[in-house]
Amino acid sequence: MLKRIVQTGVTLAALLVGMQAANAQTKIRFALDWIPGSAHAPFLIALQKGYYKAEGLDVTVDPGKGSTEVVRQLAAGVYDMGFPDINVLAEFNARNPDQAFPVVMSGYEQAPAAIFFLKSKGIKEPKQLDGKKLGSAAHDSTFKLFPIFAQVNGIDLPSVQIQYIEPNLREAMLARGEVDATPGQLFNAVMQLKSKGVPESDIGYFLYSKYGLPLYSNSIAANKAFLEKNPEAVRGFLRATVKAVRDMVKDPEEGVKAALVYQPLLNADIERERLKLAMDCCIITPNVLKDGFGVMDTERLKKDIELIAKSNNLPRVPTIAEVYDPSYLPSKQDLMVK
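What you are looking at is a predicted structure, and each value in this text was computed from that prediction instead of being measured.

A.B. asks: Mind laying out the confidence of the model for the chain, listing which residues take part and the relevant values?
C.D. replies: Averaged over all residues, the pLDDT of the chain is 92; the fraction at 70 or higher stands at 93%. In this model residues 1–10 is a low-confidence stretch, pLDDT under 50, and it forms zero contacts with partners more than four residues away in sequence or in other chains. Across residues 12–22 the pLDDT falls below 50, and counting only partners more than four positions away or on other chains, this stretch makes zero contacts in the model.

Shown next as structure tokens:
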């Protein structure tokens, strides 16, 4: 009888341990690149619809303060995963090989980076930025790419007057004529300028991808320690995110609603337009439809990295493996979107 009680006790204990293990979730601290909006819809949908939880993940999604800061925070272990610009990460890895870590999935297959100006000021081509005043936040990822853009398009970089300003002042200062141009992301800057009273017909921009820089941009990254300790959690995060991408493609309104749940003060009409711009230019591109979401072409990426290294006088050229690790991606079939 005693033996039976002991055995039953052991069985119950094992059952309780099993239940606790099943309920245990891997915590992931995830940092966006900027203030959350509809362009971040996949992460917000996956969070709110329980896709991350279904993968055994306890995910928190926090606003970011620019890609440079996100990369620094990932390297320091403040966040486990994040959404920085891959070009900023490549520069960091080149300068800090001991702290290097990769992106594991592309988010913006084409960079939304652009230089914005008012058409009424007579600017029609990049060369006309010579001698103009450019207002930017010092750590803005688009601004960090500006020297490359200038080199490719024959802009006299030393003649450009750089005025460092707070990120939230860029579009307002451009609208008031206090600066001649500002760098920014297409789907954010256009909406900001319109909100400052600039007619859409007066908003001009040089999209980097249309002016010699078909760069990859914001991508999902994970710090080295988290990757080594939690490879299955990373794979689960990517699976859940792609599932949310499919939801967004099927019904973009889901992305708008997810943004409003996270940030109730957002304007639904603005977020609707923002998401359309983001999907069309950068997220659901012809390459994504052909190759699947999150996949990078290594030859194209190699050229990007070499260009970034040369233009920024980096001490070395990071290898592809340092910058991009596709081994955590779901199968190609699971990455396809329609």
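A.B. asks: Which residues make up the nonpolar core, and what values do they have?
C.D. replies: The nonpolar side chains of a soluble globular protein tend to be buried, and buried together. By size, the foremost hydrophobic cluster in this structure holds 84 residues, and its most contacted members are Ile28, Phe30, Met81, Phe116, Ile220 and Phe237. Tallying contributions element by element places helix α11 (residues 231–250) first for this core, with ten residues. Beyond its immediate chain neighbours, meaning those up to four positions away, Phe30 contacts Phe43, Val59, Thr60, Val61, Asp62, Tyr79, Met81, Gly82, Phe83, Ile220 and Phe237. In this structure, Ile123, Leu134, Leu145 and Ala309 belong to the second largest nonpolar core, which totals 24 residues.

A.B. asks: Any details on the packing of aromatic side chains? Residues and values, ideally.
C.D. replies: Under the defined criterion, the tally for this structure stands at 15 aromatic pairs. For the ring pair Phe83 and Tyr108, a centre distance of 5.2 Å and an interplane angle of 80 degrees mean the geometry is edge-to-face. Here the residue Phe83 occupies a position in the loop between β3 (81–82) and α5 (86–95), and Tyr108 occupies one in the loop between β4 (103–106) and β5 (113–118), the gap between them amounting to 25 residues. Comparing Phe83 with Tyr108 shows no difference in burial state: the two are buried. Relative to Tyr208, the ring of Phe149 has its centre 4.7 Å away and its plane inclined at 15 degrees; by these criteria the two rings are stacked. A residue pair is termed long-range when its members are at least 10 positions apart, and Phe149 in helix α7 (residues 146–152) and Tyr208 in the loop between β9 (203–207) and β10 (219–222) qualify at 59 residues.

A.B. asks: Run through helix α2 (residues 41–48), naming residues and quoting values.
C.D. replies: Counting buried residues in α2 gives six out of eight residues, a clear majority hidden from the surface. Backbone geometry just after α2 places Gly50 at a positive phi near 80 degrees.

A.B. asks: Mind laying out unusual backbone geometry, listing which residues take part and the relevant values?
C.D. replies: One non-glycine residue, Asn313, adopts positive backbone phi at about 50 degrees. Examined against the element boundaries, Asn313 turns out to sit in the loop between α15 (298–311) and α16 (320–323).

A.B. asks: So what about the sheet that holds β5? Which residues, and what values?
C.D. replies: Taken together, the three strands give an open sheet; going across it, the order is β8-β5-β9, and neighbouring strands pair in antiparallel fashion. Two strands bound the open sheet, and with one partner strand each, they are β8 (182–185) and β9. With direction set aside, neighbouring strand axes in the sheet form an average angle of 40 degrees. As defined by bridge partners, β5 adjoins β8 across four bridges and the pair is classed as antiparallel. Looking across to β8, one finds that Ala113 is bridged to Gln185. The strands touched by helix α9 (residues 186–195) within the sheet are β5, β8 and β9, with β9 carrying the most contacts at an inclination of about 170 degrees.

A.B. asks: So what's going on with the state of the cysteines? Which residues, and what values?
C.D. replies: As enumerated under the stated definition, the model contains one disulfide in all. Shown here is the disulfide that connects Cys281 with Cys282, its sulfur atoms set 2.0 Å apart. Across the S-S bond linking Cys281 and Cys282, the dihedral sits near -95 degrees, which makes this disulfide left-handed.

A.B. asks: An account of the sheet that holds strand β1 (residues 26–31) is requested, with residue identities and associated values reported.
C.D. replies: Pairing within the open sheet is mixed, and its five strands lie in the order β2-β1-β3-β10-β4. Unpaired on one side and paired on the other, β2 (57–62) and β4 mark the two borders of the sheet.

A.B. asks: Please provide a residue-by-residue account of the packing of α2 against helix α12 (residues 252–262), values included.
C.D. replies: Orientation of α2 relative to α12, taken along the N-to-C sense of each, is 75 degrees, at an axis distance of 9 Å. Here α2 lies roughly perpendicular to α12, going by the angle between them. Of the residues in α12, those in contact with Ala41, Leu44, Ile45 and Gln48 of α2 are Glu254, Gly255, Ala258, Ala259, Val261 and Tyr262. Here the contact of α2 with α12 is composed, by residue class, of seven nonpolar, two polar and one charged.

A.B. asks: Lay out the pairing of β5 in plain terms, naming residues and giving numbers.
C.D. replies: Buried residues dominate β5, accounting for six of its six residues. Across five bridges, β5 lies against β9 in antiparallel orientation. Within β9, the position partnered with Ile115 by the bridge is Phe206.

A.B. asks: Please set out the side chain of Ser67 residue by residue, giving values where relevant.
C.D. replies: As for its placement among the helices and strands, Ser67 is situated in helix α4 (residues 67–76). The contacts of Ser67, once residues within four sequence positions are left out, are Asp33, Pro84, Asp85, Val88, Ser141 and Asn218.

Here is what the cut-offs are and how they apply
Residues numbered from 1 in each chain as written. Predicted model: local features only at pLDDT ≥ 70, side-chain atom pairs only at ≥ 80, totals over all residues. Heavy atoms only, no water. pLDDT = per-residue confidence, 0-100. Contact = heavy atoms within 4.5 Å. Core = buried A, V, L, I, M, F, W, Y, C linked by side-chain atoms within 4.5 Å. Buried < 20%, exposed > 50% of the residue type's maximum accessible area, 1.4 Å probe, protein only. Helix = DSSP H or I, 4+ residues; strand = E, 2+ residues; numbered from the N terminus. Phe/Tyr/Trp six-rings, centres within 6.5 Å; stacked < 30°, edge-to-face > 60°. Pairing = 2+ DSSP bridges. Axes fitted to C-alpha atoms, helices over the stretch in contact; angles between N-to-C directions. Disulfide = S-S within 2.5 Å. Parallel < 35°, antiparallel > 145°, perpendicular 65-115°, else oblique. Nonpolar A, V, L, I, M, F, W, Y, C, P; charged D, E, K, R; others polar.

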